[in-house]
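Structural characterization, general
Read off the chains here:
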Protein chains: 2
Amino acid sequence: MQSLKQHFQVPYSYEVFFTERLFAPENRVFADFVQNFGNPSFRKKILFVLDKGITDIQTELTAEIVNYFQHHSPADLAPEILVLPGGEVCKNDPRFYEEVIRALDEHGIDRHSFVACIGGGAFLDMAGYAAAISHRGVKFIRIPTTVLSQNDSGVGVKNSVNYLGKKNFLGTFAPPVAVFNDYSFLESLGERDWRSGIAEAVKVSLIKDISFFTWLESTADAMNQRDKSVMIEQIYRCASLHMQHIASGDPFELGSARPLDFGHWAAHKLEYLSDFKIRHGEAVAIGIALDSVYSHLIGHLTKEDVDRIIHLLKKLGFAIFHPALAENDKINLTNGLNEFREHLGGQLTITLLEQVGKGVEVHEMDFDLIKKSVDYLEQIA
Amino acid sequence: MQSLKQHFQVPYSYEVFFTERLFAPENRVFADFVQNFGNPSFRKKILFVLDKGITDIQTELTAEIVNYFQHHSPADLAPEILVLPGGEVCKNDPRFYEEVIRALDEHGIDRHSFVACIGGGAFLDMAGYAAAISHRGVKFIRIPTTVLSQNDSGVGVKNSVNYLGKKNFLGTFAPPVAVFNDYSFLESLGERDWRSGIAEAVKVSLIKDISFFTWLESTADAMNQRDKSVMIEQIYRCASLHMQHIASGDPFELGSARPLDFGHWAAHKLEYLSDFKIRHGEAVAIGIALDSVYSHLIGHLTKEDVDRIIHLLKKLGFAIFHPALAENDKINLTNGLNEFREHLGGQLTITLLEQVGKGVEVHEMDFDLIKKSVDYLEQIA
Ligand SMILES: NC(=O)c1ccc[n+]([C@@H]2O[C@H](COP(=O)([O-])OP(=O)(O)OC[C@H]3O[C@@H](n4cnc5c(N)ncnc54)[C@H](O)[C@@H]3O)[C@@H](O)[C@H]2O)c1
Ligand SMILES: NC(=O)c1ccc[n+]([C@@H]2O[C@H](COP(=O)([O-])OP(=O)(O)OC[C@H]3O[C@@H](n4cnc5c(N)ncnc54)[C@H](O)[C@@H]3O)[C@@H](O)[C@H]2O)c1
Ligand SMILES: [Zn+2]
Ligand SMILES: [Zn+2]
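Throughout what follows, the structure given in this document is the object of discussion. Nothing here was measured: the structure is a model prediction, and the numbers come from that model.

Across its full length, chain A carries 16 helices and ten strands. For a compact globule of 381 residues, the expected C-alpha radius of gyration is about 21 Å, and chain A comes in at 21 Å, within 12% of that figure. Principal-axis analysis of the C-alpha atoms gives chain A an extent of 65 × 60 × 35 Å. Within the span of chain A, comprising 381 residues, buried residues form 60% of the whole. Put simply, chain A shows about 14000 Å² of open surface, and 51% of that area lies on carbon and sulfur atoms. A distance of 3 Å separates the average location of the 37 positive side-chain charges in chain A from that of its 50 negative side-chain charges.

Here you go:
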């Protein structure tokens, strides 16, 4: 009678649908999913939560949803459609996730009902957190509306809000039950948000898939010209690589490695130093540039490969340097590494590049070489 | 390019250790676990969070822990040992879990560090929630100090706090990394908390294991006399049955069935109606009596079996009736069933008894027969 050992596995499945005009009356993708999920003969409830950044532009979205549910009626639509501000602000103030919880309680959303969320990565993170902690998790449907949320954050398994002044301090691992990537939402994106998410595609291509990197080189001009089919293919391939990584590795990050965070340690610090004026993807582009130069300096990456990476980032319109990197660099960059380690926990683990398409893990970084990389980027910026 | 399908499994393991005087210098169980967890060469941090209900009685507990860590030093002990009130009150006010989060942030507890929590079921639920949502889950060690938390809640996978006036409204599924069931904590329990948790053993024996039920009949007198070895065996067997059920079934309750909630629909309502003056286990005993009589009335259980169950509950010192059951019974009991369905979500699913040792699921309950069961219990109480 010394001890009892427990062991079990919890299976998760979800599908990412690619579609357009999700709530056009003739588009059955969403209705079919909701109708057939779980026990099809059991009538479900659904609550919609919308990013004001979108409803301000697509003013008829709420009416379209109501109309769609009148037409198809795959579930009981909650009489309230909640609209809240999007962007980082919605993760900073607990009022917003509390408002989502208030609404889902008021409309009787239980563990077998849905919260469907339409918005950017920040908004999905916030509403996903509210859904995950209510009744120990109500079913969450993501409808991402930015490039970054369609190709990266929206197809993953995390949610979060900021707390005690710390980015993503509160959150859970909670896969959605479905994701609907609707290209038509992207049409209203401003130039910066259109571009920003492409940095995540560059990132994942560099650590996982050289052919995707080559494809990004060949399509960069078309992407800048907002070519629809190129953007759709980019999102599909990037989402697919992220999803494969999650499924093959350590989905809930029980270990210390986080290769999908290539370029992210400096990016997180930069977002913070710029008071979140710099977009996540913009910061990631600079982080990629920095860690690529560093990878070269420690002898992993050839000079040609570094040039190729920087060339692609510039061609896509990204800045590869930010003045905040050079101010108080010793303190900021050292703190940045520490904070990254602390958030992940355990031993410092940074992914660098061995070659284009292949990452490599290191457990320490040398400050003088980081500084040299920063100086180099400043020169060629 | 229609859709991407995601599928993966997340493995969970933890061990429940049975021990005594956990922080006596000569007891290495805890130190060995902490030292060897994960990467043994990596120095971890640990924060202790203690239920004031225990430290009020075991006044030297904090000093013992400090002394233990000086002696063995398996990890860096946070300089603060947090003591907060236990019992349902700690789940009712967000200040308490926020205080746990404040402390774990202040002491740099990251995803590879531990929060060790010593307390009753309510306290573990509250601190476990704080740990689960911080950094998307820091490692949580449970040291349960009541019979109920040692034989049931502490070995399971759930945490929660109350919110919007609703019991367990916020919470997550988050298995601990280890559980230490230390018998010596039970010595200071008052009579009601000593008895209360035994109701969960009766419950699980009725739905899963007739030989455990027979054993409970034969040891009831010894249990009443606070026989140590009998209590330890009861906890071990009960914990083991709960753990087996979790591992074999649906650990994170993705479906609607929850057989371990036999007797609980009425229990939850009674806890609420009595303003939580009645203990969880006391309410469960009444819920078991009610659903056993009901099972007989719908033809599942023989009269002899009902008598046997009621006899055991009485022998263990449980009340089998509460006046609140009879007041406004139509409204209260119907609401009770509805609230139970809502919290679980989906179709109403109630476990009743087919025979002693075997549960059966039903999807509706008849009010007149519930009323008849209540009346019967009132008569024989
Ligand atoms: N959960 C994860 O795994 C994960 C991964 C990466 C990033 N993130 C998070 O994602 C967030 C960044 O997300 P983002 O890049 O999507 O930006 P965002 O969500 O901050 O949105 C940027 C702005 O665009 C608006 N907007 C959204 N969709 C729009 C549309 N279709 N048309 C016009 N305006 C629109 C928003 O209201 C907001 O003001 C950060 O908080 C980051 O931490 C999360
Ligand atoms: N997470 C789950 O799966 C699960 C399952 C069942 C019940 N629960 C929850 O557990 C709670 C009930 O837990 P409980 O029955 O352990 O009671 P409790 O935690 O409410 O404790 C009762 C009282 O005993 C005190 N106490 C704790 N240990 C003591 C000790 N060793 N000596 C003296 N006093 C002590 C506490 O401070 C408290 O005042 C409820 O909130 C219930 O919802 C959770
Ligand atoms: Zn990113
Ligand atoms: Zn119980």
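From this point, the narrative continues.
On to the relation of the copies chain A and chain B. Mapping chain A onto chain B calls for a screw motion: a turn of 180 degrees about the axis and a shift of 0.0 Å along it, with 0.0 Å RMSD after fitting. Both copies of the chain, as the preceding transformation shows, are related through a two-fold rotation axis. Residue Val 10 of chain A of chain A places its C-alpha closer to the rotation axis than any other residue of that unit, at 2.6 Å. Both copies share a contact surface, since 100% of the interface residues of chain A are interface residues in chain B too.

The next thing to look at is the coordination of the zinc ion (ligand 4). All names here are of chain B. The protein atoms that coordinate the zinc ion (ligand 4) are Glu 200 (OE), His 264 (NE2) and His 280 (NE2), at distances of 2.0 to 2.2 Å. Look at where the donors of the zinc ion (ligand 4) fall in the sequence and you get E-x63-H-x15-H. On the criterion of sequence distance, the pair formed by His 264 in helix 12 (residues 264-273) and His 280 in helix 13 (residues 280-297) is long-range, its members being 16 residues apart. In this structure His 280 comes out as partly exposed when scored by relative accessible area, which is 22%.

What follows concerns the site of ligand 1. Residue and element names in this part refer to chain A. Among the 23 residues in the neighbourhood of ligand 1, the closest are listed as Asp 51, Gly 121, Thr 145, Thr 146 and Lys 167. Taking Thr 145, its side chain carries an N or O atom lying 2.8 Å from a nitrogen atom of ligand 1. A distance of 2.8 Å is found between a nitrogen atom of ligand 1 and a backbone nitrogen or oxygen belonging to Phe 185. Isolated, ligand 1 exposes 870 Å² of accessible area, and the fraction of that covered by the protein chains is 86%. Those elements that provide at least two residues to the shell around ligand 1 are helix 2 (52-55) and helix 6 (121-133). Of all the elements, helix 6 adds the most residues to the shell around ligand 1, at three residues. Tallied by class, the residues present in the shell around ligand 1 amount to six nonpolar, ten polar and seven charged.

Each value, and the rule that gives it
- Residues numbered from 1 in each chain as written.
- Chains lettered and ligands numbered in written order.
- Predicted model: local features only at pLDDT ≥ 70, side-chain atom pairs only at ≥ 80, totals over all residues.
- Heavy atoms only, no water.
- Helix = DSSP H or I, 4+ residues; strand = E, 2+ residues; numbered from the N terminus.
- Rg over C-alpha atoms; globule rule 2.2 N^0.38 Å.
- Buried < 20%, exposed > 50% of the residue type's maximum accessible area, 1.4 Å probe, protein only.
- Areas by Shrake-Rupley, 256 points an atom, 1.4 Å probe, with all protein chains shown as cover.
- Lys, Arg positive; Asp, Glu negative; His and termini not counted.
- Charge placed at Lys NZ, Arg CZ, Asp CG, Glu CD.
- Least-squares fit on C-alpha atoms with pLDDT ≥ 70 in both.
- Contact = heavy atoms within 4.5 Å.
- Donors = N, O, S within 2.8 Å, 3.2 Å for Na, K, Ca; no water.
- Near = heavy atom within 4 Å.
- Polar contact = N/O pair within 3.5 Å; in protein donor to acceptor, adjacent residues only side chain to side chain.
- Nonpolar A, V, L, I, M, F, W, Y, C, P; charged D, E, K, R; others polar.

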